[in-house]
Amino acid sequence: MDSLRAIDEDEIDAALAKRAGFTGVLFGAELNLDAREFAGLAFENCRFEVPVVREADFSECSFKDCTFAPARFASCKFNDARMTNCVFFSAEEKNGCTFAFCEMRQVAFDKCNLSSSTFDRSDLYNVVAADCSFRSCKFGKSTFQSALSRKVVLCAAKFERCNLSFADMSALNLKGCEFTESKFSETLFFETDLSEAVFTNAILDRAEFERARLAKADLRGATISGLNLATVADYAGMTISASQQDAILSELGIKVWPG
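In this numbering scheme, every chain counts its residues from 1 along its sequence in written order. Side-chain atom pairs in this predicted model are given and counted only at pLDDT of 80 or more, local residue features only at pLDDT of at least 70, and totals for whole chains, interfaces and linings cover all residues. Derived side-chain values reflect all non-hydrogen atoms in the structure, with water molecules and hydrogen atoms excluded from consideration.

Asks: Can you lay out the overall build of the chain for me, pointing to particular residues and giving the numbers?
Replies: Strands are runs of DSSP state E lasting at least 2 residues, helices are runs of H or I lasting at least 4, and numbering of each runs from the N terminus. Along its length, the chain carries two helices and 19 strands. Burial analysis of the chain (259 residues in total) assigns 45% to the buried set. For this analysis, residues touch if any pair of their heavy atoms sits within 4.5 Å. In the chain, the proportion of contacts linking residues at least 24 apart, taken out of those at least 6 apart, comes to 23%. Surface exposure here means Shrake-Rupley accessible area, sampled with a 1.4 Å probe, where a residue is shielded only by the protein chains that are shown. Roughly 12,400 Å² of accessible area belongs to the chain as shown, and the carbon and sulfur atoms make up 47% of that amount. Any residue under 20% of the maximum accessible area for its type is buried, any over 50% is exposed, and the rest in between are partly exposed; the area is computed with a 1.4 Å probe on protein chains only.

Asks: Give a detailed account of the nonpolar core, specifying residues and quantitative values.
Replies: In terms of nonpolar packing, the biggest core is built from 78 residues, with Phe-27, Phe-43, Phe-73, Phe-78, Phe-109, Phe-134 and Phe-139 touching the most fellow members. Looking at this core, the elements with two or more residues in it are helix H1 (9-18), strand S3 (25-27), strand S16 (127-130) and strand S19 (157-160). In this view, Phe-109 contacts Met-83, Met-104, Leu-114, Val-127, Val-128, Ala-129, Ala-130, Cys-132 and Phe-134; residues no more than four positions away in its chain are not counted. Here, the term nonpolar core denotes a set of buried Ala, Val, Leu, Ile, Met, Phe, Trp, Tyr and Cys residues that are joined through side-chain atoms within 4.5 Å.

Asks: Before we move on, could you go through the pairing of S19 and cite the residues and values that matter?
Replies: Side chains Ala-157 and Phe-159 of S19 all project onto a buried face; the interleaved residues Lys-158 and Glu-160 project onto a face where none is buried. With four bridges joining them, S16 and S19 adopt parallel strand pairing. Across the sheet, residue Val-127 finds its bridge partner in S19, namely Ala-157. By the convention used here, strands pair only if DSSP detects at least 2 bridges between them.

Asks: Break down the sheet that holds S16 for me, with residues and values.
Replies: Within the open sheet, the seven strands sit side by side as S2-S4-S7-S10-S14-S16-S19. Their pairing is parallel. One side of each edge strand has no neighbouring strand; the edge strands of this open sheet are strand S2 (22-23) and S19. Judged from the two bridges that link them, S2 and strand S4 (residues 42-44) form a sheet pairing that is parallel. Bridge assignment links Thr-23 to a residue of S4, and that residue is Glu-44.

Asks: Talk me through unusual backbone geometry; I want residue IDs and the actual numbers.
Replies: For Asp-131, which is not glycine, the phi dihedral falls at a positive 55 degrees. Assignment of secondary structure puts Asp-131 in the loop between S16 and strand S17 (145-147). Classification of Asp-131 by relative accessible area gives partly exposed; the value is 30%. Located in the positive-phi region is Lys-141, a residue other than glycine, with phi close to 60 degrees. Residue Lys-141 is classed as exposed on the basis of its relative accessible area of 71%.

Asks: Please provide a residue-by-residue account of the pattern of salt bridges, values included.
Replies: Here the idea is simple: oppositely charged side chains can pair when their charged atoms come close. Salt bridge criterion: a side-chain nitrogen from Lys or Arg within 4 Å of a carboxyl oxygen from Asp or Glu. Under the defined criterion, the tally for this structure stands at 15 salt bridges. Arg-161 is the partner of Asp-131 in a salt bridge, and the nearest nitrogen-oxygen pair spans 2.8 Å. With a gap of 30 residues between them, Asp-131 in the loop between S16 and S17 and Arg-161 in the loop between S19 and helix H2 (245-251) connect regions that are remote in the sequence. The class for Arg-161 is partly exposed, based on a relative accessible area of 36%. Glu-160 is the partner of Arg-161 in a salt bridge, and the nearest nitrogen-oxygen pair spans 3.0 Å. Its relative accessible area of 25% is what places Glu-160 among the partly exposed residues. Salt bridges sharing partners connect three or more residues here, namely Glu-9, Asp-13 and Arg-36.

Asks: Please set out the packing of aromatic side chains residue by residue, giving values where relevant.
Replies: Aromatic rings from Phe, Tyr and Trp, taking only the six-membered ring of Trp, are treated as a pair when their centres fall within 6.5 Å; an angle between ring planes under 30 degrees marks them as stacked, one over 60 as edge-to-face, and anything in between as tilted. Following the criterion strictly, the structure yields 34 aromatic pairs and no others. Judged by centre distance (4.8 Å) and plane angle (5 degrees), the rings of Phe-43 and Phe-63 are stacked. Note that Phe-43 is positioned in strand S4 and Phe-63 in strand S7 (residues 62-64), a separation of 20 residues in sequence. By relative accessible area, which is 1% here, Phe-43 ends up buried. Between the aromatic rings of Phe-184 and Phe-189, the centroid separation amounts to 5.6 Å while the plane-to-plane angle is 45 degrees, which identifies the pairing as tilted. An identical accessibility class is assigned to Phe-184 and Phe-189; each is buried.

Asks: Give me the lowdown on empty space enclosed by the protein, citing residues and values where you can.
Replies: A 1.4 Å probe that fits but cannot get out identifies a cavity on a 1 Å grid over protein atoms alone, an open set with protein on both sides within 12 Å along at least five of seven lines counts as a pocket, and a residue lines either if it has an atom within 4 Å of a point. Grid points are joined across faces, edges and corners, and a volume is the space filled by probe spheres set on the points. The tally for this structure, following the rule as stated, stands at one cavity of 30 Å³ or more. Each pocket or cavity is described by its volume, and for the largest cavity that value is around 30 Å³. Lining the largest cavity are Phe-109, Phe-119, Leu-124, Val-127, Phe-134, Phe-139 and Phe-159. Amino acid classes used here: Ala, Val, Leu, Ile, Met, Phe, Trp, Tyr, Cys and Pro are nonpolar; Asp, Glu, Lys and Arg are charged; the rest, including Gly, are polar. Here the lining of the largest cavity is composed, by residue class, of seven nonpolar, no polar and no charged.

Here it is in structure tokens:
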């Protein structure tokens, strides 16, 4: 990052005209990236310091080894974008990026740090994330759904080995989503629909499930200390491992004696 080359808006427009990608570029805070068409371009080892980006199209872009200073992306498109080893979090400011009203369908995150980021009323249908940090993220009124018709609504997302501790995922529809081997310590799931969701080998210590729906959810192998089914709206058909029975029953005030 020390050898980044600052770029001006004329150079950006010239690169867009040639459909050329960007390598080792500093997008400084003074730049205006609003409404620019970056779709399909590659960004490698770049740093973005622009504080606000509006209506830019990053669909099908690839980002590798890029850093984003805390910024607000408003009504931007990231559909089918690929992000590898990217950082969206400032340790100095202890803050992340905000994605407001963004289209982020089928975005793939791999080894990215999105801690303390906010996804505000954004479309996250079929997002895929592996080995990423979403620690303390907020997902207020965002959706992981796709409506095929008035009666048919699909819901999809896959998080594998991700850290979502302290995140606020309240009131979301996460039906059928996958969270294998992910961490959810003290995550908020108030009134969240987790029906048929997969939490195989996840860590759910002290997560809050008040009025959540866990019908047919798969919690096999998950660490579930603190899960009180008395506060859950629905858990019919929920699957757990035999070794998890004691933790579930103790939260309900039931003592299990051997033999």
